[in-house]
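Structural characterization, general
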Amino acid sequence: MIKNSTKLKVIDNSGGKIARCIDVVGKKKIAYVGNLLVITLHKCIHKKKVKKRCIYFGLIVNIKYWTKRLDGLFIKFFSNRLLIFNNKYKFLGTRIYGVVAKEIKLKSSSSKRTFKSFQKVISYSTLIV
């Protein structure tokens, strides 16, 4: 469960390290795996694609809260993690460090406008849980 002002770790090589949620995209107030956020970066590496205090979109990949899958399993991760997108929903990184949840694949097939960028994220990841 991600709300406003929640800190999240960035797991791609775009240059960000820690991001903070500003708002959840859509009508809901709480975000889960596969939802988009409006974020700002608090820690980042210099001389990379992203900058501090700029506004980006983030795709939630892992959350600490228990999530139930369609087959009845419950899954929980150690930290809240996300991937960074620009304002046109283009993925800014070229590599993903860590695990990506399978729910992203299910949510990408249901949403029409960000379908291609989510499929690209799935192909960049090395491990899908």
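Refer to the structure printed above.
Now for a look at the structure at hand. This one's a predicted model, so the numbers in the text were calculated from it and none came from an experiment.

1. Overview of the overall build of the protein
- Across its full length, the protein carries 2 helices and 9 strands.
- When the elements of the protein are put in sequence order from the N terminus, they spell out β-β-β-β-β-β-β-β-α-α-β.
- The C-alpha atoms of the protein give 14 Å as radius of gyration, which agrees with the globular expectation for 129 residues (14 Å, within 12%).
- Taken across its 129 residues, the protein has 46% of its residues classed as buried.
- A fraction of 55% describes how many contacts in the protein between residues 6 or more apart in sequence connect residues 24 or more apart.
- On the protein, roughly 8100 Å² of surface is accessible, and the fraction owed to carbon and sulfur atoms is 56%.

2. As for the packing of aromatic side chains
- For the structure shown, the criterion picks out 3 aromatic pairs.
- Ring geometry for Phe85 and Phe91: centres 5.6 Å apart, planes at 55 degrees, overall tilted. The pair Phe85 / Phe91 is uniform in exposure class, with both members buried.
- Between Phe91 and Tyr124 the ring centres are 5.6 Å apart and the planes differ by 35 degrees, which places this aromatic pair in the tilted class. With a gap of 33 residues between them, Phe91 in the loop between strand S7 (81-85) and strand S8 (99-100) and Tyr124 in helix H2 (residues 115-124) connect regions that are remote in the sequence.
- For Phe91, a relative accessible area of 7% translates into the label buried.
- Grouped by ring-pair contacts, the aromatic residues Phe85, Phe91 and Tyr124 constitute a single cluster.

3. Quick notes on a nonpolar patch on the surface
- On the surface, Met1, Tyr32, Tyr65, Trp66 and Phe74 cluster together into a nonpolar patch covering about 540 Å² of accessible area.
- With respect to the element layout, Tyr65 can be found in the loop between strand S4 (55-62) and strand S5 (67-68).
- In this structure Tyr65 comes out as partly exposed when scored by relative accessible area, which is 42%.

4. Comments concerning the environment of Val50
- Checked against the element boundaries, Val50 lands in the loop between strand S3 (36-44) and S4.
- Apart from the residues lying within four places of it in its own chain, the contact partners of Val50 are Ser14, Gly15, Gly16, Leu41, Cys44, Tyr56, Ile84 and Leu92.

5. Some points on the environment of Leu82
- Among the structural elements, Leu82 can be located in strand S7.
- According to the relative accessible area criterion, Leu82 is buried, its value standing at 0%.
- Separated by 25 residues in sequence, Leu82 and Phe57 have C-alpha atoms that sit 9.7 Å apart.
- Non-local contacts of Leu82, meaning those with residues more than four positions away in its chain, are made with Leu8, Lys9, Val10, Ile11, Ala19, Leu37, Ile39, Gly58, Leu59, Ile60 and Val61.

6. Considering the pattern of salt bridges
- Counted under the stated rule, the structure contains 1 salt bridge.
- Measuring nitrogen to oxygen at the nearest pair gives 2.8 Å for the salt bridge that ties Glu103 to Arg69. With Glu103 in helix H1 (residues 103-110) and Arg69 in the loop between S5 and strand S6 (74-75), this residue pair connects regions lying 34 residues apart in the sequence.
- A relative accessible area of 14% places Glu103 in the buried class.

Rules behind the numbers
Residues numbered from 1 in each chain as written. Predicted model: local features only at pLDDT ≥ 70, side-chain atom pairs only at ≥ 80, totals over all residues. Heavy atoms only, no water. Helix = DSSP H or I, 4+ residues; strand = E, 2+ residues; numbered from the N terminus. Rg over C-alpha atoms; globule rule 2.2 N^0.38 Å. Buried < 20%, exposed > 50% of the residue type's maximum accessible area, 1.4 Å probe, protein only. Contact = heavy atoms within 4.5 Å. Areas by Shrake-Rupley, 256 points an atom, 1.4 Å probe, with all protein chains shown as cover. Phe/Tyr/Trp six-rings, centres within 6.5 Å; stacked < 30°, edge-to-face > 60°. Patch = residues over 30% accessible without salt bridge, like charges linked within 9 Å, V, L, I, M, F, W, Y side chains within 5 Å. Salt bridge = Lys/Arg side-chain N within 4 Å of Asp/Glu carboxyl O.

Keep in mind these numbers describe shape, not what the thing actually does.
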